[in-house]
Amino acid sequence: MPAKKKRSPDSQIPNTQHRAVATSTSTAAASSSSSFASVRERSPASSASGPSFEDAGSDQEDQSRHGLTNSAVLAADINRGWLASFVRRRAAVLLLLLFSSIIGLLAAQSYFNAQPDIPSCVMSYSRPRFLEQTLFDKTWTRFSTKYKLYLYREGGFDAFDEPYRIPVLFVPGNAGSPKQVRSIASATTSAFVDLIGRDPSAVDRGQVGFDFFTVGLNEEFTALHGYSILEQADFVNDAIRYILSLYPKTRLRHKLSSNGTEFALPTSVVVIGHSMGGVVARTAFTLPNHIVGSIQAIFTLATPHNNPTASLESFVDKVYTSINSFWRHGFHHGTLDDVSLVSIAGGNLDSMINSDYTYVGDLAPEENSLSLLSSGIDDVWLSLDHQSILWCAQMARKFSTMLLHIMDARLPSQLLPLDKRMDVMRRYLYSKLDYGSKYAKPSFSPRKTKIESYRYVQVYNEGAIRVSIPDKSVSGSAGIDGKSLFNSSLHLVPTDTIEDSSKSSGLQIIYGLRKQKKDQSNGDHIVDPEFQVFGCNPIDTQQPSAGTDGLSDSVCTSIYVPAPASLPLKPAAGGAPKIDVPLLKYTEIPADQLSKFAYIGAEIPAAKDIDQIGFFHAQLAEKKASDILVVSPGYQSLLWSYNIHVPEKPSGKRINIRTRIRLNVPENPFFVFRAKLAMRAAKWAKLGKPRFGAVVRQSDGRRMFESKFWYDQSVMDFAIHGRGAYLPSDDIANNALKTNHMDTPSLWKGVYLDIWADTDYYSGFDISLSINWYSSINRMVKRYDMALLALSFIWASLVLLDQLRTWNNDVVESDSVTGAQRRPTFPSCLGSIENLIRNGTLTTMLVAAALTPVLQTVVAYLMQSHWSPALLAAWNNLFMGVRGSGLALCFLPMLLVFLSLGFVALEAVVLTLVCSAISWIAVNVLMRFRSNASADASSSDVALLHQQYQNYQQLRQQQQLSLIKSPAVTRPLVATVAFIVFVGTFVPYQFAFLVIYFAQLITSIRTTVLASHAASKALAAGSAHPKAHAASVALRNRAKYQLALLLFWTSSLPYCAPELLVWVRNLSVMWFEDAPSDHNLLNMAGYFALRMLASYHIVPRLDSSRLVFFGCSNSHWLRCVTYVFFGLSVAVAWLHSVRRPYILYSIANAISAWLAMIQLADFFVQYTAVRRKEESFAMHMQARSADAQNHLALSEPEDYDMDLIYEEGHDDNNEEPSKSLLDRKLR
């Protein structure tokens, strides 16, 4: 008999320290049913403790890179100072997390607590009844089982349950309810009852009231799902067709007029859309089932018209592009000629949408549209949040009053003609400061009179009229010649009081009342005193310079006075004002109406004719002072403070009642400006205090989109709601449509500040302007929240690319002492993020973020006259948009780039902690329990090895060791078939991706458990068992790779959420129709393929000579192509994904498909290698079976893991796997 061979030192392992790990291969499946691995111990060893596998693995990497492969040294280093080592190696990541967390918390605090406005709405109340229209069934619409139509009735007012008045349809928004119509409907019903009570003849003029219908749209997430927009718009068209079919019968049964006035049958429905309901209403025009002329008035509340709030799905963007193109051209093709579009937004308090996108001036001409914020609506003056714009009592009252005055049931459209309709809407919604002179009508009939007709006449030589109300000087006074015809008094001011009369810019009039007279027929309605303004010329050509001598024969002609505009007198910040004035109104008379008169007079009613206490102040304004003061504060000046002085130098003259200042700043919606107002008291002031506090107004000039007031406040925060960053500018839109109906190519001229002050008390004021950085963060977060998703994906791609590059470039080195080769290591996610910070990638990205908007702005400016409008618009939509960034906002992209990297690092930390925590529990609890149980089942090494051999022979006979029949192949094949069947028929691909993601999470946790257990074995075995260390490194590499894919796919999760939410919502109502694109297998084929191929194997090193790709054995070109592919993906995402973040899902799918192709090529290499190993293994087993039976007592018990054998025995420098490990296992 041959002598027994002694074991080599490398194979001599103490029984008390040895562990064998078997993963879920064919051998492990035959010997154990464990879902993780079958683990056997000769005696319990100390479990791993301390850092996670990733931290310990990183320590091993550092040790092995310096030639230290001794596990004892590694264990000592981990036990002594693993925390200090981790902080030292991850210092940059920790600093990144610290600063990004601080900035993120500051942004969140600003977003929720630093609003420039405070809520001041009054709650509205109603008594609603909703009547479901059961006859509106599948004979009318195919959506009868999914959506519902209701008729609103107000309890106590509406006696009939059938519609017979003017139809109105309310369309709720994203996840909205049909019950949201109740506040507007109730306010309109109440206003109509009041109107009929005051004026019963209003019915004969066509004001017959409204029937409010509302649709229940299953509370779908239309803001996130484009196909739902089309379905809801289709249903709205069907609902309108059904609503119009009801009136031929109901109008005959209900006589609306008592004098026989005939009313036309309705041919159109007024549509009110909230949020995305406005988009649904506009989409209805583009569908085939739309009845032309069935919608002639659309009112939208807080609707993002120009761009979707969250572009998480491509179909949403397609719907927006389609409907905006239709509306931009529809007004010029005759399709939308009679349609009016009104957009009202909440402004600063609306945190759900960006109010910049509610501007419709780029979609419809001025003759058909108007856009404004609620803070500029007359008698509302409030910023409203996304929901309160529906229930706010101030808004509901004003909106209902406007609705009542545009109805006319005598016409088929049930509305006034377009021009009159727009005039009424502007008069009721806009402040008279903007449209008073153009649209308001005078409240008096022009007349002529003589000065001698008045009981009291006074001439003021200071260029200003100041009268107390009531004017007690009239009482007991006779006229100039004792022949007075009027009880009113006349107060005159000569026009020559101005040094240069040619510079006179008009007459400014302001009056305030403290005790209000009530109109008995209208409750709290305030009756304004009927002030009138006259222009007087003496009959004698020689005009007197002062007094009233020679004026008795002067003829006075009444002058048209624009309707006075109310000035809000409630502080924007809440609380009670210091100077309480219940009513304050202001108007101006242009200078061209005054130039032909020698005197300007104001007629004040006598004391007995009015029951108010207040003042009247009229002043001739000088052009130098009243003209717009233009200042151009640069952002550099606003960083600290920019001061404005009015007047610039003390002159002893009175300032004007209204002073206009134009801040020449870009149309930039990101900054919140803080203005500090300091009024200067005049030395000549005879009053103890001013008659009214200073009123400040912010507006945007000719565009009249935004307006906001402050009263009696010294500190004000104001911001700009401009057009969105990605909207085409006016000149692009006008050139594209060839309809330059505006005087100038751009309506933006800066921010206007108007200050009204009591000129009898104040001689001037000072304004200090600066940027409120804390509140500005809030606006930046609102407008570029999607940018964080886009930039986070870019960083996740760069992290994966750095991991592949490090994995590919890792050089296999030999230990200087033992001569053993160190295996290449796959870097961790946190290690790659650390590397990106240290190697200058972060700096490069920050520089690129700063230079991209600068280059974009410069090119757009240089090429604006050479490029087509379409090309300019496409260039404008790159990155963050020309108007969204610009030269002065380079820091904003840099800040977002930094925050997004911190966000990715936080994701990596969370995923690592989850995997490591579960791994620690499994290794220290579950594995120990399983090891104790299996120790009782094994009595000897002989029985164990004999059983292993029998299991191998049985598995060989049943499966013939076919790789195709192994779990690594059969499971992917079954999953592939299930994937094709379910995704192609019933399940949307987004749900399949969610399944893939959670499967990847489970695989990452499972591989982490195995890696942690292998690491504990390597520590226990020490340097006497290099095989255990190699197995630990291999499993640790796989775990890091699985975690890297999980981190990379995390960035794709947000783009699957919209469809999943809609799909679940549809299932709840048994609706199974989905968008066709939801069942496109290619939309997630890359994810699925990579998930199947990467479940058991790590991605190969790209420069490995054994890898054959498309017939080429030298794969250096594969490494270059992979790097270029990643680079192009990052570049496309950088330029386009901020505007269209949904493309990131497709980019990630393409990258996953490319990695899957690489692993598929490696799979065939593994297939060939395993077959060769199987043949070699079988020959060795047959040749040495007799010898193995004779030496069972001397053999070490092991479980055979074919995948682990391959990974441990694989040598990247050889074409074939090494057989030395097989030989050692057989021996």
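Within every chain, residues take consecutive numbers counted from 1 along the sequence as written. In keeping with the predicted nature of the model, local features appear solely for residues at pLDDT of at least 70, side-chain atom pairs appear and are counted solely at 80 or more, and the whole-chain, interface and lining totals rest on all residues. Remark: hydrogens and water are excluded; side-chain values derive from all non-hydrogen atoms of the structure.

Here the focus is the overall build of the protein chain. Secondary structure elements are defined from DSSP: runs of H or I of at least 4 residues count as helices, runs of E of at least 2 residues count as strands, and each element is numbered from the N terminus. A count of helical and extended segments in the protein chain gives 32 helices and 30 strands. Burial classes follow relative accessibility: with a 1.4 Å probe on protein chains only, a residue under 20% of its type's maximum area counts as buried, one over 50% as exposed, and anything between as partly exposed. Burial analysis of the protein chain (1227 residues in total) assigns 58% to the buried set. Should any heavy atoms of two residues lie within 4.5 Å, those residues are considered in contact. Considering only intrachain contacts with a sequence separation of at least 6, the fraction spanning at least 24 residues in the protein chain is 83%. Residue burial considers only the protein chains on display, and all accessible areas are found by Shrake-Rupley using a 1.4 Å probe. As presented, the protein chain carries roughly 50,600 Å² of accessible surface, and 58% of it is formed by carbon and sulfur atoms.

UniProt positions are given in the numbering used here, feature names are shortened, and annotations may be inferred rather than shown by experiment. Here the UniProt-annotated "transmembrane region" (unreviewed entry) positions come out as residues 91–112, 784–801, 842–862, 882–901, 908–927, 973–999, 1120–1136 and 1142–1165. In the segment residues 973–999, helix accounts for 89% and strand for 0%; the C-alpha atoms at its two ends are 16 Å apart. A helix fraction of 100% and a strand fraction of 0% characterise residues 1120–1136, whose end C-alpha atoms lie 24 Å from each other.

Right, let's talk about the sheet that holds strand 7 (residues 270–274) for a bit. For two strands to count as paired, DSSP must find a minimum of two bridges between them. Pairing is mixed across the open sheet formed by 8 strands, whose spatial order is 3-4-6-5-7-8-9-10. Each edge of the open sheet carries a strand with a single partner, namely strand 3 (128–132) and strand 10 (369–373). Direction aside, the axes of adjacent strands within the sheet are offset by 20° on average. As paired elements, strand 4 (residues 148–154) and strand 6 (residues 210–216) share 4 bridges and run antiparallel to each other. Bridging across to strand 6, leucine 149 finds its partner in valine 215. Angles here are taken between N-to-C directions and fall from 0 to 180 degrees, while the axes themselves are lines fitted to C-alpha atoms, restricted in helices to the stretch in contact.

It is worth spelling out the pairing of strand 5 (residues 166–171) at this point. Both faces of the sheet carry side chains from a regular strand, because those side chains alternate between them. By the criterion of burial, strand 5 is predominantly enclosed, with 6 of the 6 residues buried. The side-chain alternation of strand 5 yields two buried faces, one formed by Ile166, Val168 and Phe170 and the other by Pro167, Leu169 and Val171. Where strand 5 lies against strand 6, 5 bridges are found, and the strand directions are parallel. Residue proline 167 lies in a different strand from strand 6, and its bridge partner there is aspartate 211. Handedness of the crossover is the feature at issue here: the chain leaves strand 5, passes through helix 5 (residues 182–198), returns alongside strand 6, and the resulting connection is right-handed. Strand direction decides the pairing type here: strand 5 and strand 7, joined by 4 bridges, are parallel. Along strand 7, the bridge assignment pairs phenylalanine 170 with isoleucine 272. Call a crossover right-handed when, viewed with both strands pointing away from you, the route from the first strand across the helix to the second goes clockwise.

What follows deals with the pairing of strand 4. With respect to burial, strand 4 is a largely interior element, 6 of its 7 residues being buried. In this structure, strand 3 lies alongside strand 4, joined through 5 bridges in antiparallel fashion. When the bridges of strand 4 are listed, arginine 129 appears paired with arginine 153.

This brings us to the pattern of salt bridges. Note that side chains of opposite charge can pair when their charged atoms are close. Take a side-chain nitrogen of Lys or Arg and a carboxyl oxygen of Asp or Glu: if they are within 4 Å of each other, that pair is a salt bridge. Tallied over the entire structure, the rule returns 28 salt bridges. Across the pair aspartate 211 and arginine 165 runs a salt bridge whose closest N-O atoms are separated by 3.2 Å. Linking aspartate 211 in strand 6 with arginine 165 in the loop between strand 4 and strand 5, this pair joins segments that are 46 residues apart in sequence. Just as aspartate 211 is buried, arginine 165 falls in that class too. With a shortest N-O distance of 2.8 Å, arginine 410 and aspartate 408 are connected by a salt bridge. Residue classification places aspartate 408 among the buried positions, given a relative accessible area of 6%. A cluster of three or more residues bridged by salt bridges with shared partners is formed by Arg153, Asp158, Arg165 and Asp211.

Our focus in this paragraph is the nonpolar core. In this text, buried Ala, Val, Leu, Ile, Met, Phe, Trp, Tyr and Cys residues form a nonpolar core when linked through side-chain atoms within 4.5 Å. The biggest cluster of nonpolar side chains holds 125 residues, and the ones touching the most others in it are Ile661, Leu663, Tyr784 and Ile833. Broken down by element, this core gets its largest block of residues, 14 residues, from helix 17 (residues 785–809). Among the nonpolar cores identified, the runner-up in size contains 50 residues, and Val181, Ile272, Ile377 and Ala409 belong to it.

Okay, the state of the cysteines next. Cysteine sulfur atoms that pair up within 2.5 Å are treated as a disulfide. One pass over the full model with this rule turns up 2 disulfides. Covalently, cysteine 121 is tied to cysteine 392 through a disulfide, its sulfur atoms 2.3 Å apart. The S-S bond linking cysteine 121 to cysteine 392 shows a torsion near -100°; that makes this disulfide left-handed. Remark: cysteine 392 occurs in the loop between helix 9 (388–391) and helix 10 (393–404) and cysteine 121 occurs in the loop between helix 4 (91–113) and strand 3; sequence separation between them is 271 residues. According to the relative accessible area criterion, cysteine 121 is partly exposed, its value standing at 24%. You can call cysteine 392 buried: its relative accessible area is 0%. Disulfide partners in the protein chain, listed by the sequence order of the bonded cysteines, are 1-2, 3-4. You can see cysteine 915 has no disulfide; the closest cysteine sulfur is in cysteine 829, sitting 9.5 Å from it.

Another aspect to go through is the sheet that holds strand 25 (residues 672–681). The 4 strands lie next to each other as 23-30-25-28, forming an open sheet whose pairing is antiparallel. Strand pairing shows two members of the sheet lacking a second neighbour, strand 23 (642–646) and strand 28 (715–719), which therefore form its edges. Recorded for the sheet is a direction-independent mean angle of 25° between the axes of neighbouring strands. Pairing of strand 25 with strand 28 involves 5 bridges; the strand directions are antiparallel.

Moving on to the side chain of serine 566. Along the chain, serine 566 falls in strand 18 (residues 565–566). If near-sequence neighbours (up to four positions away) are discounted, serine 566 is found in contact with Asp378, Trp381, Leu584 and Lys585.

Taken together, the side chains of Leu95, Leu98, Phe99 and Ile102 define a hydrophobic patch exposed on the protein surface, amounting to about 390 Å² of accessible area. Mapped onto the secondary structure, leucine 98 falls in helix 4. Judged by relative accessible area, which is 46%, leucine 98 ranks as partly exposed. Only residues whose relative accessible area exceeds 30% and that take part in no salt bridge are eligible for patches, with like-charged residues grouped when within 9 Å of each other and nonpolar side chains (Val, Leu, Ile, Met, Phe, Trp, Tyr) grouped when within 5 Å.

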